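# Understanding the architecture of this molecule
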Amino acid sequence: MSFGGIGDREVAEGLRSRVLLAPPIQDSGVVWVHQLIGSEVLDASGTRLGVVAAVDANPASDLLVLEDGGLVPMCFMTRQSAGTVVVDIPAGLLD
């Protein structure tokens, strides 16, 4: 990573403990964790599976942690819109 106007390590060291800001990333294809928390999770047929309480980092696929403790790998997420996440999970995953 680099910042404009910061040409070497000594200059960068002078910025230690400072807050650096950048413009927000505008990418409609990106899903941010804060957008998922509190979202209702539905399966492909529209059945309510729960509400996202957290997102846990996992090497294979990040996990949607449901309020009841259920774990849904994000690789099964098919779409997300304001307040709703649709997943296509294998039978028995949440049993």
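What comes next is a walk through the structure. (Residues numbered from 1 in each chain as written. Predicted model: local features only at pLDDT ≥ 70, side-chain atom pairs only at ≥ 80, totals over all residues. Heavy atoms only, no water.)

## Regarding the sheet that holds strand S2 (residues 48-56)
In a beta sheet, neighbouring strands pair by backbone hydrogen bonds and run either parallel or antiparallel. Short version of the rule: Think of it this way: DSSP has to see at least two bridges between two strands before they count as a pair. By the criteria applied, helices consist of DSSP H or I runs no shorter than four residues and strands consist of E runs no shorter than two, each listed in order from the N terminus. Simply put, an axis is a line fit to the C-alpha atoms, just over the touching stretch for a helix, and the angle between two N-to-C directions goes from 0 to 180 degrees.
The strand order S4-S3-S2-S1-S6-S5 describes an open sheet built from six strands, whose pairing is mixed. Across the chains shown, the open sheet's two edge strands, defined by having one partner strand only, are strand S4 (71-73) and strand S5 (77-81). Strand-to-strand twist in this sheet, taken as the mean axis angle between neighbours without regard to direction, amounts to 35°. Here strand S3 (residues 63-66) runs beside S4; their pairing, made up of three bridges, is antiparallel. Bridge pairing in S4 links Val-65 to Leu-71.

## Here we look at the side chain of Ser-61
Stated formally: Relative accessibility under 20% of the residue-type maximum defines a buried residue, over 50% an exposed one, and the middle range a partly exposed one, all with a 1.4 Å probe and only protein chains included. Contacts described as polar in this section are N or O atom pairs within 3.5 Å, which, within protein, must combine one atom able to donate a hydrogen with one able to accept it, while residues neighboring in sequence count only if both atoms come from side chains. Throughout, a residue-residue contact means that at least one pair of heavy atoms, one from each residue, lies within 4.5 Å.
Within the element layout of this structure, Ser-61 appears in the loop between S2 and S3. On the basis of relative accessibility, which here comes to 13%, the residue Ser-61 falls in the buried class. There is a polar contact of 3.0 Å between the side chain of Ser-61 and the backbone nitrogen of Cys-75. Discounting chain neighbours no more than four positions away, the residues touching Ser-61 are Pro-73, Met-74 and Cys-75.

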